[in-house]
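Examining the three-dimensional arrangement
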Amino acid sequence: HYFIQSNLRMVEFGYWEEFRGYGHPIRLMLEYTASPYTFTGEPSGPPPTYHKHEWLMKKYTTLSDYDFPNLPYLRDGETTLTHHIAIMQYLGRKHGLYPVTEQEHQDVDMLREQAVELKDHLIDVMYFYSHRVQGIEPTREEIQARKSSKAPLIQINISDMSRKYKKQKASSSGEGKVWMAGEKLTYVDFLIYEQVDYARCLYPDILDSDEHCQAMKDFMVQFEQLPTIKSYMESERFKKYPLYGKRSFLGKSKETCYTDMKCDYVRSSWY
């Protein structure tokens, strides 16, 4: 358990312990807004399957006043929420990190779905569910095949978001920063930052993969330079790894990202 302090009301935030996953973009929003929060990390079961039985048995009593008890969860006074995007949208409305104009709403809605699609592709890379159930490790050949098969899908997703960001920058007033939905920072920027960061951990050259992705590199640097985000990432509270839970095989550390494995982003291989 730990907390940061400000003049705002204390927020209770819970997720699985010791990894980023669905919980970290929420944490980024709490840190960015200097919201005081406590964090409770729930443990996974023992190896080799790292089952969730303990949490599944107790979640209805631990979160008895929640409509949909699950991880991550957030309590803010009388407000109780689960599901990571629902929590992020709530924090966005609370802290002015939410779209206002109809165009902003349209952009944020599409970008959110694009980020969710990217998340699903990345999870497919990191998890070998049948292997985990059997308690066996994937071979290097299996890991290479999985990374290679998903690389074009991940690349085109990021490239498309990069093209959208270039479009936003081209149409901006030229004053101040430009974010994914325009000149207003919204919750979707936190969601996209997190997923693109996972992607570049697993595929270090992905933001150099075409002429559009330089814009995404600029976005990532700009996000990391936000003062409260920069302070958080330089603190002991921030842990780069693991990206996902103990059930995953890739992304537990820099070494288990297997960045020595080269992947082809040519789209004809999966069209």
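Structure: above.
Only a predicted model underlies this, so the values are computations on that prediction, with no experimental measurement involved.

Before going further, it helps to spend a moment on the state of the cysteines. Two cysteines form a disulfide when their sulfur atoms are joined by a covalent bond. Within the structure shown, the criterion is met by 0 disulfides. This cysteine, C263, is not joined by any disulfide, and C257 carries the nearest cysteine sulfur, 12 Å off. Judged by its relative accessible area of 16%, C263 is buried.

A few words now on the packing of aromatic side chains. Tallied over the full model, the rule gives 18 aromatic pairs. For the pair Y66 and Y73, a centre-to-centre distance of 5.9 Å together with 75° between the ring planes defines the contact as edge-to-face. In terms of burial, Y66 and Y73 fall into one category: buried. Taken together, a centroid distance of 6.1 Å and an interplanar angle of 75° make the contact between Y127 and Y244 edge-to-face. Here Y127, found in the loop between α4 (102-126) and α5 (129-134), pairs with Y244, found in the segment after α9 (227-233); they are 117 residues apart in sequence, far enough to count as distant. Considered together, Y127 and Y244 belong to a single accessibility category, that of buried residues.

What follows is about unusual backbone geometry. That bond from L71 to P72 is cis: its omega, 0°, falls within 30 degrees of zero. Note that P72 resides in the loop between α2 (53-62) and β4 (73-76). A cis amide bond links Y241 to the next residue, P242, at an omega of 0°. You can see P242 is positioned in the segment after α9. Of note, the phi angle at H83 is positive, near 75°, even though the residue is not glycine. Relative to the assigned elements, H83 resides in the loop between β5 (79-82) and α3 (84-95). For Y258, which is not glycine, the phi torsion reads 50° and is therefore positive. With respect to the helices and strands, Y258 occurs in the segment after α9.

Below, the discussion takes up the side chain of H24. Here H24 shows up in helix α1 (residues 24-32). The class of H24 is buried, set by a relative accessible area of 3%. Among all residues touching H24, those that are not within four sequence positions of it are E194, Y198, Y232 and F238.

For the rest of this paragraph, the subject is the nonpolar core. Within the largest apolar cluster, 79 residues are counted, with the highest numbers of intra-cluster contacts made by I158, I192 and M216. Broken down by element, the residue count for this core peaks at 11 residues, all from helix α7 (residues 187-202). For I192, the residues in contact, after removing those within four places along its chain, are L111, A115, M161, M180, M216 and F219.

Cut-offs and rules
- Residues numbered from 1 in each chain as written.
- Predicted model: local features only at pLDDT ≥ 70, side-chain atom pairs only at ≥ 80, totals over all residues.
- Heavy atoms only, no water.
- Disulfide = S-S within 2.5 Å.
- Buried < 20%, exposed > 50% of the residue type's maximum accessible area, 1.4 Å probe, protein only.
- Phe/Tyr/Trp six-rings, centres within 6.5 Å; stacked < 30°, edge-to-face > 60°.
- Helix = DSSP H or I, 4+ residues; strand = E, 2+ residues; numbered from the N terminus.
- Contact = heavy atoms within 4.5 Å.
- Core = buried A, V, L, I, M, F, W, Y, C linked by side-chain atoms within 4.5 Å.

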